[in-house]
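Take a look at the letters that make up each chain.
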Amino acid sequence: QVQLVESGGGLVHTGDSLRLSCAVSGTRFGTKDVAWYRQAPGKQRELVAAITSRGTTNYADSVKGRFTISRYNAKNLLNLQMNILKPEDTAVYYCYLKISFLFDSWGQGTQVTVSS
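Reference entry: report on the structure contained in this document. (Residues numbered from 1 in each chain as written. Predicted model: local features only at pLDDT ≥ 70, side-chain atom pairs only at ≥ 80, totals over all residues. Heavy atoms only, no water.)

### Describing unusual backbone geometry
Definition in use: Put simply, DSSP H or I for four residues or longer makes a helix, DSSP E for two residues or longer makes a strand, and each gets a number counted from the N terminus.
Look at asparagine 76: it is not a glycine, yet its phi comes out positive at around 55°. Relative to the elements of secondary structure, asparagine 76 occurs in the loop between strand S7 (67–72) and strand S8 (77–82). With a phi angle near 50°, isoleucine 84 is a residue other than glycine that sits in the positive phi range. Here isoleucine 84 is to be found in the loop between S8 and strand S9 (91–98).

Now the structure itself:
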């Protein structure tokens, strides 16, 4: 069974940095496309950053230049380095993995709160 476990969330101040990690098990991580999503209170879940199995990255315009997504296939880890955090980055951040054309998997989420 595929499992995704996020860690690294917390409460920080504007301008601070935070690093999220997602430990993946139960699948061949290196062959899968993965991503980070976030959901703020009262808003829809949105894509933050994605990275394909080949390493191609994609970012939401709101985080370009501040966030970096990376993957460490040997450790089955997905990371999100978040710099110059803003209050509008406050959300629950979810790790996502595309298992196949029809199936995907989500982590339980980790809270990131940025105070002004």
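That shown, we press on.
### Brief notes about a nonpolar patch on the surface
The test is simple: Only residues whose relative accessible area exceeds 30% and that form no salt bridge enter a patch; like-charged residues are grouped when within 9 Å of one another, and nonpolar side chains (Val, Leu, Ile, Met, Phe, Trp, Tyr) when within 5 Å. Working definition of accessibility: Shrake-Rupley area with a 1.4 Å probe, residue cover restricted to the visible protein chains. Take a side-chain nitrogen of Lys or Arg and a carboxyl oxygen of Asp or Glu: if they are within 4 Å of each other, that pair is a salt bridge.
A contiguous nonpolar patch, built from Phe101, Leu102 and Phe103 and spanning about 440 Å² of accessible area, is present on the exposed surface. Mapped onto the elements of the fold, leucine 102 is located in the loop between S9 and strand S10 (104–106).

### Looking at the side chain of arginine 71
Put simply, the rule is: Exposure is judged per residue with a 1.4 Å probe applied to protein chains only, and the accessible area is read against the type maximum: over 50% gives exposed, under 20% gives buried, and values in between give partly exposed. Think of it this way: Lys and Arg go in the positive column, Asp and Glu in the negative one, and His and the chain ends go nowhere. Any pair of nitrogen or oxygen atoms within 3.5 Å is treated as a polar contact; in protein, a donor-acceptor pairing is required on top of that, and neighbouring residues in sequence qualify only through side-chain atoms on both sides.
Within the element layout of this structure, arginine 71 appears in strand S7. No salt bridge is formed by the buried arginine 71. Its closest oppositely charged neighbour is aspartate 33, at 5.3 Å. Within the structure, the side chain of arginine 71 is placed 2.9 Å from the backbone oxygen of threonine 52, a separation counted as a polar contact. There is a polar contact of 2.8 Å between the side chain of arginine 71 and the side chain of asparagine 73.

### Quick look at the side chain of lysine 32
Counted only if it meets this: Between two residues, a contact is recorded if the distance between any of their heavy atoms is within 4.5 Å.
Relative to the assigned elements, lysine 32 resides in the loop between strand S3 (18–25) and strand S4 (34–39). Among buried Asp, Glu, Lys and Arg side chains, lysine 32 stands out as unpaired, with aspartate 33 the closest opposite charge at 9.2 Å. Setting aside its immediate chain neighbours within four residues, lysine 32 contacts Thr27, Thr52, Ser53, Arg71, Leu97, Lys98 and Ile99.

### Quick notes on the environment of glycine 15
Its location among the elements puts glycine 15 in the loop between strand S2 (10–13) and S3. Residue glycine 15 is classed as partly exposed on the basis of its relative accessible area of 43%. Taking C-alpha positions, glycine 15 is 4.1 Å from isoleucine 84, a pair spaced 69 residues apart along the chain. When sequence neighbours within four positions are dropped, the list of residues in contact with glycine 15 reads Ile84 and Leu85.

### Points about the packing of aromatic side chains
This is how it is decided: Only rings of Phe, Tyr and Trp enter the pairing, Trp through its six-membered ring, and a pair is recorded when the two centres are within 6.5 Å. The plane angle decides the type: under 30 degrees is stacked, over 60 is edge-to-face, the rest tilted.
Tallying each qualifying case throughout the model produces four aromatic pairs. Centre to centre, the rings of tyrosine 37 and tryptophan 106 are 4.9 Å apart; their planes meet at 65°, and the pair counts as edge-to-face. A residue pair is termed long-range when its members are at least 10 positions apart, and tyrosine 37 in strand S4 and tryptophan 106 in strand S10 qualify at 69 residues. Taking relative accessible area as the criterion, tryptophan 106 reaches 33% and is therefore assigned partly exposed. Considering the side-chain rings of tyrosine 94 and tryptophan 106, the 6.5 Å spacing of their centres and the 85° angle between planes classify their relative orientation as edge-to-face.

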